[in-house]
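Residue-level structural notes
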Number of protein chains: 2
Amino acid sequence: MKIGFIGLGIMGRPMALNLLKGGHQVSVWARRAESMQPLLDAGASGAASPAEVARGQELVISMVADAPDVAEVMRGVASAGTAGLVAVDMSTIAPAAAKAIHAELAAAGVDFVDAPVSGGEVGAIAGTLSIMAGGSDAAFARAEPAFACMGKNIVHVGGPGAGQVTKAANQIVTGMGVLAVAEAMAFASKNGVDRAKVREALLGGFAYSKILENHGQRMLDRNFKPGFKSWMHEKDLNIVMQTAHELGLCLPGSAATAQMFNAMVGSGLGEEDSIAVLKLLESLSGQA
Amino acid sequence: MKIGFIGLGIMGRPMALNLLKGGHQVSVWARRAESMQPLLDAGASGAASPAEVARGQELVISMVADAPDVAEVMRGVASAGTAGLVAVDMSTIAPAAAKAIHAELAAAGVDFVDAPVSGGEVGAIAGTLSIMAGGSDAAFARAEPAFACMGKNIVHVGGPGAGQVTKAANQIVTGMGVLAVAEAMAFASKNGVDRAKVREALLGGFAYSKILENHGQRMLDRNFKPGFKSWMHEKDLNIVMQTAHELGLCLPGSAATAQMFNAMVGSGLGEEDSIAVLKLLESLSGQA
């Protein structure tokens, strides 16, 4: 398939490389020209703008930082006037922003899919991302062969915005999950009990989670290297809280968790993995 | 082994029956005499008091409601004057209360083990409880053949109180886990997205937990039958918060979760399963 790809950062670069490996014809654009070089070396062609990267394509994919960036590059994509184009954004942005972009592109004849991912840089490189997609059946069908090169757990959740809603739900469960394991560990050691034994006991019962198993082990190893940076989880939980505000939705566990991630950014832990919330809890109770 | 068993409620009755099935000689006592009948029918002998049930035994086990009950029956057990007796309490009480009982029994020559369980009535009947034990190596070794009849994931976590600390850590992770999945589901449907599809998408990634899989499915089925009653989870989270208070420990996620379980008891959901926290979230945001 002829695919345009916009945004070649930590996530976008390996995702675009996996499209090339999958045999697709890929044209790329990135704000910083030097980001394009590894893709050009691997056989992609380069474009001078979002409009140019979208010209004559079947599919355009963006992986950028935030909602204003998505809106801006997608305006460029729409201006290319490519008939029957499907545009997919795989960044994590607010559901409301995704719906607004969908409406704007629909008016320009472009069918838009919001398809955020989870799995991080490791999953992007391995092509094992979870992909949560919202949009029309026809647009999802067009994007599916590209998704198959980048991910393995690919779910078409619903209409416009449904992918971002699912990603936000994912960040609720993983954010609270990381905080829960960190609180359990801080509780154990403040009581003088071996954290490793507590984790072992909990893994065998209903407390089992991938987070207890993997992130819990990294907490024991005090390996706070990202993985998934705290400031990015903070940004995602801010999307959750803004959406809850707009809808009149009461989410007390997410709110407490969002506050802790705010405090991580505020106390200089933003560049560390989200499991560094354990260090914050320790510093708040004399265990640091 | 000659075992005395105190407390024959929903949990204690099947646990004592499993000791009999395991070939142990079991003597029982319960506050309400009629609770003893099923055990007598199954081959246990009956006693008239905690002191009598402890006389001449190698091991005494209690499974009662709360810390004052444990302290009271264990005082009776100690008064029996059985040389070399090991006493095990499998109720869920505060770590500080378990340590105090340990010290009191040690002074009377009884070696005490705190060994709370998780797995609920289903696990008690099937003999598949998780057992988290705190106490001396010698006392744990004495109790181990009895534990093997009642559970499958049996961990000797540490010294006196370590079992209750581990159980409290378990209730932090499971309580926040249930609230996280409920908030994710309330978020999805308030945004007009299919909860079942969201759960499916999340199960394939780092959000995976036994709670998302099992309790999440029961939320979709709106099956709020306990399982594990809300008021019991509220009681356990109260132990967590009291212990945090005593130690100067900051647990914001547990605190938010404890408040929600308080609200469940206050709003008449105490007898329903802890997953009914979903109903509370729905009622707070116009989804009821």
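Once a new chain begins, its residue numbering starts again from 1 and follows that chain's sequence as written. Here the convention is simple: chains get letters from A, ligands get numbers from 1, in the order in which they are written. Predicted model: local features are reported for residues with pLDDT of at least 70 only, side-chain atom pairs are reported and counted for 80 or more only, and whole-chain, interface and lining totals are derived from all residues. With hydrogens and water set aside, each side-chain value is computed from the structure's full complement of heavy atoms.

1. Quick word on the overall build of chain A
To keep it simple, the criterion reads: Strands are runs of DSSP state E lasting at least 2 residues, helices are runs of H or I lasting at least 4, and numbering of each runs from the N terminus. With C-alpha atoms as the basis for the radius of gyration, the globule rule is written as 2.2 Å multiplied by the number of residues raised to the power 0.38. Only heavy atoms matter for contacts: two residues are in contact if any of them lie within 4.5 Å across the pair. In these tables, accessible area is a Shrake-Rupley quantity obtained with a 1.4 Å probe, and a residue counts as shielded only by the protein chains included in the view. Within this scheme the basic residues Lys and Arg register as positive and the acidic residues Asp and Glu register as negative, but His and the chain ends are omitted. To locate a charge, the coordinates of NZ of Lys, CZ of Arg, CG of Asp or CD of Glu are taken.
A count of helical and extended segments in chain A gives 13 helices and nine strands. Here chain A has a C-alpha radius of gyration of 20 Å; the compact-globule value for 288 residues is 19 Å, and the two agree. Projected onto its principal axes, the C-alpha positions of chain A cover 65 × 45 × 35 Å. Long-range pairs, those at least 24 residues apart, make up 65% of the contacts in chain A between residues at least 6 apart in sequence. Element-wise, carbon and sulfur atoms account for 54% of the exposed surface of chain A, whose accessible area totals about 10,300 Å². Put simply, chain A has 22 plus and 26 minus side-chain charges, and the middle of one group is 4 Å from the middle of the other.

2. Here's the deal with the packing of aromatic side chains
Residues and elements named next belong to chain A. Rules: Note on ring pairs: Phe, Tyr and Trp rings are taken, using the six-membered ring of Trp, and paired if centres are within 6.5 Å. Classes follow the plane angle, with under 30 degrees stacked, over 60 edge-to-face and the rest tilted. Buried residues are those whose accessible area, probed at 1.4 Å on protein chains only, stays under 20% of the maximum for their type, while exposed residues exceed 50% and partly exposed ones sit between those limits.
Applying the stated criterion to the full structure yields three aromatic pairs over all chains. Their ring planes at 50 degrees and their centres at 5.9 Å tell us that Phe140 and Phe147 sit as a pair that is tilted. Side by side, Phe140 and Phe147 carry an identical accessibility label, which is buried.

3. Thoughts on the interface of chain A and chain B
Short version of the rule: As a working definition, buried area equals the accessible area (1.4 Å probe) given up by two parts on being put together, with both sides summed. Put simply, a salt bridge is a Lys or Arg side-chain nitrogen that is within 4 Å of an Asp or Glu carboxyl oxygen. Two N or O atoms form a polar contact when they lie within 3.5 Å of each other; inside protein one atom must be a possible hydrogen donor and the other a possible acceptor, and for residues adjacent in sequence the pair counts only when both atoms belong to side chains.
Listed as interface residues are 61 residues of chain A and, on the opposing side, 61 residues of chain B. Taking both partners together, chain A and chain B bury about 5,200 Å²; carbon and sulfur atoms supply 74% of that area. The tally of links from chain A across to chain B stands at zero salt bridges. For the pair chain A and chain B, the interface holds eight residue pairs in polar contact (both at pLDDT 80 or more).

4. Some thoughts on the side chain of Asn153 of chain A
If you trace the backbone, Asn153 of chain A turns up in strand β9 (residues 151-158). Overall, Asn153 of chain A belongs to the buried group, its relative accessible area being 18%. A distance of 2.9 Å separates the side chain of Asn153 of chain A from the backbone oxygen of Ala201 of chain B, its partner in a polar contact. Discounting residues that sit within four places of it in the chain, Asn153 of chain A has contacts with Leu129, Ser130 and Ile131 of chain A together with Glu200, Ala201, Gly204 and Gly205 of chain B.

5. Concerning empty space enclosed by the protein
Note the following rule: Grid spacing is 1 Å over the protein atoms alone, the probe is 1.4 Å, and a cavity is where that probe fits but cannot get out, while a pocket is an open set with protein on both sides within 12 Å along at least five of seven lines and lining residues have an atom within 4 Å of a point. Grid points are joined across faces, edges and corners, and a volume is the space filled by probe spheres set on the points.
For the structure on display, the rule yields five cavities of 30 Å³ or more. Quantified by volume, the largest cavity comes out at close to 160 Å³. Forming the boundary of the largest cavity are 18 residues, of which Gly177 and Ser209 of chain A together with Val173, Gly177 and Ser209 of chain B lie nearest the centre. Only α8 (162-190) of chain A together with α8 (162-190) of chain B provide two or more residues apiece to the lining of the largest cavity.

6. Digging into the domain arrangement of chain A
Residues and elements named next belong to chain A. Put simply, the test is: Note that domain bounds follow an automatic or database assignment of domains. Each residue is assigned to one of three groups, with Ala, Val, Leu, Ile, Met, Phe, Trp, Tyr, Cys and Pro labelled nonpolar, Asp, Glu, Lys and Arg labelled charged, and all others, Gly among them, labelled polar.
Split by domain assignment, chain A resolves into domain 1 (2-159) and domain 2 (165-284). Distance between the C-alpha centres of domain 1 and domain 2: 29 Å. Each partner contributes to the roughly 880 Å² buried at the junction of domain 1 and domain 2, and carbon and sulfur atoms together form 67% of this total. Among the residues domain 1 hides against domain 2, the three largest losses belong to Thr92, Pro95 and Met132. Together they make up 51% of the total. If you look at where domain 1 meets domain 2, you find three residue pairs in polar contact (both at pLDDT 80 or more). Listed by contribution, the elements that provide at least two residues to the side of domain 1 that touches domain 2 are α5 (95-107) and β7 (117-118). Along the lines of polarity and charge, the residues of the side of domain 1 that touches domain 2 split into nine nonpolar, two polar and one charged.

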